[in-house]
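Listed below are the residues making up each chain.
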Amino acid sequence: YISPADKDEILGDIPGEGLKMNVDIEPIGALGIPINGGVAFPIGEIRSAIAIGVTMGFEGEIPKDMFELFLFGNEFEEARLDAGKDGAYDISDWDGSGWGVGTFNWSAAKAFMPAQLKPYLSEFSAGATLKISTGLYAEIIESGGTGLVSRVSGTDVDAWLRTQSAETGIGFGLDFGVAGVTKNRKATFSLGVLNLLDTFSWSSGVRQEKFFVGASDLRITRFADEDSRAIEDVLDNGDVDGDGDIDFSKLVSEDSFSRSLPAMMRLGVAYQAMPRLTVVGNWDQAFSD
């Protein structure tokens, strides 16, 4: 049982702009063995490595008013206005994306010592990683509508969102980096520029769709009327494709599209504080959203 005070506390923990989520999943293969992994090997004086990676995830934002509806039910517009709230429930401002991507990575690095760093470092190296990726992707491009308004005469609903998805895409990217070890060998420093050259083209199974619902004077008595066509009488959606049925979605486009990961700088430090204790930290700085 969730008391009214519990409900208020739950709702108070959700920011005004909505509940944000960001989840990354690294899948596990057979027998509990991680799918991500690779092998390192030398090519003359160059150290090289090949690795594969698989990641899935999603991120998004759900309007706070959706949780208020779940927890308290809907109030009439007049009561909401008297309480200092907006008369309509915001159920239309959604955001998010989801993906499943596999990546083939080929890295190469060479050790050398610049004259300027020789007094301070015992080791120094520079390298790069070529990334080839494939996977599937879906996102909400935009959403809107006036939301949900409950009145004594009936409820009005207006919400829509436009999505974009692809069953297959392929991407390429390059990472660059340098690393060094101090003279006393207690600290290792690294500086990487990730996704400096990065693009992902989604071209197979592409669909851009619009989902929508609109209703006027929605009330239970209209559904109880045997002479009424029930939901057809209150929905404002209409017949988009001309097949005689009310539609809740329509295909907007099947054109391919591209996305790129934001370029990012990563500064890393590892310090051996004790013989069996190493402290590690990274600073990631993205250059765009």
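Just so it is clear, the structure is predicted and the values come from calculations on it, not from any experiment.

Trainee: Account for unusual backbone geometry, naming residues and giving values.
Mentor: The phi torsion at Arg185 lies on the positive side, around 65°, for a residue other than glycine. Checked against the element boundaries, Arg185 lands in the loop between β6 (154-182) and β7 (187-204). Take Arg185: its relative accessible area is 46%, and that puts it in the partly exposed class. Even without being glycine, Asn195 reaches a positive phi, approximately 55°. Along the polypeptide, Asn195 turns up in strand β7. Judged by its relative accessible area of 11%, Asn195 is buried.

Trainee: Provide a residue-level description of the pattern of salt bridges, including the pertinent values.
Mentor: Following the criterion strictly, the structure yields 13 salt bridges and no others. We note a salt bridge from Lys85 to Glu75, for which the minimum N-O separation is 3.8 Å. Here Glu75 lies in the loop between α2 (64-72) and α3 (77-82) and Lys85 lies in the loop between α3 and β4 (95-111), a separation of 10 residues in the sequence. According to the relative accessible area criterion, Lys85 is partly exposed, its value standing at 35%. As a salt-bridge pair, Arg259 and Glu139 come within 2.5 Å of each other at their nearest N and O atoms. In this pair, Arg259 is assigned in strand β10 (residues 257-259) and Glu139 in strand β5 (residues 121-151), connecting sequence segments 120 residues apart. Arg259 sits in the partly exposed class, given a relative accessible area of 34%. Beyond isolated ion pairs, a larger network of salt bridges with shared partners links Glu68, Glu75, Arg80 and Lys85.

Trainee: Kindly report on the environment of Asn22, identifying the contributing residues and their values.
Mentor: Relative to the helices and strands, Asn22 is located in strand β1 (residues 19-25). Through-space distance from the C-alpha of Asn22 to that of Asp90 is 21 Å; in sequence the pair is 68 residues apart. The residues contacting Asn22, other than those within four sequence positions of it, are Phe58 and Glu59.

Reading guide: rules and limits
Each chain carries its own residue numbering, running from 1 in the written order of its sequence. Residue-level local features of this predicted model are given only where pLDDT is at least 70; pairs of side-chain atoms are given and counted only at 80 or more, and the full residue set underlies all totals for whole chains, interfaces and linings. The side-chain figures draw on all heavy atoms in the structure; neither hydrogens nor water molecules are used. We count a stretch as a helix when DSSP gives it H or I for four or more residues in a row; a strand needs E for two or more, and each element gets its number in order from the N terminus. Partly exposed describes any residue whose relative accessible area lies between the buried limit of under 20% and the exposed limit of over 50%, with all areas from a 1.4 Å probe on protein chains only and scaled to the type maximum. By salt bridge we mean one thing: a side-chain nitrogen of Lys or Arg within 4 Å of a carboxyl oxygen of Asp or Glu. Any two residues having at least one pair of non-hydrogen atoms within 4.5 Å are treated as being in contact.

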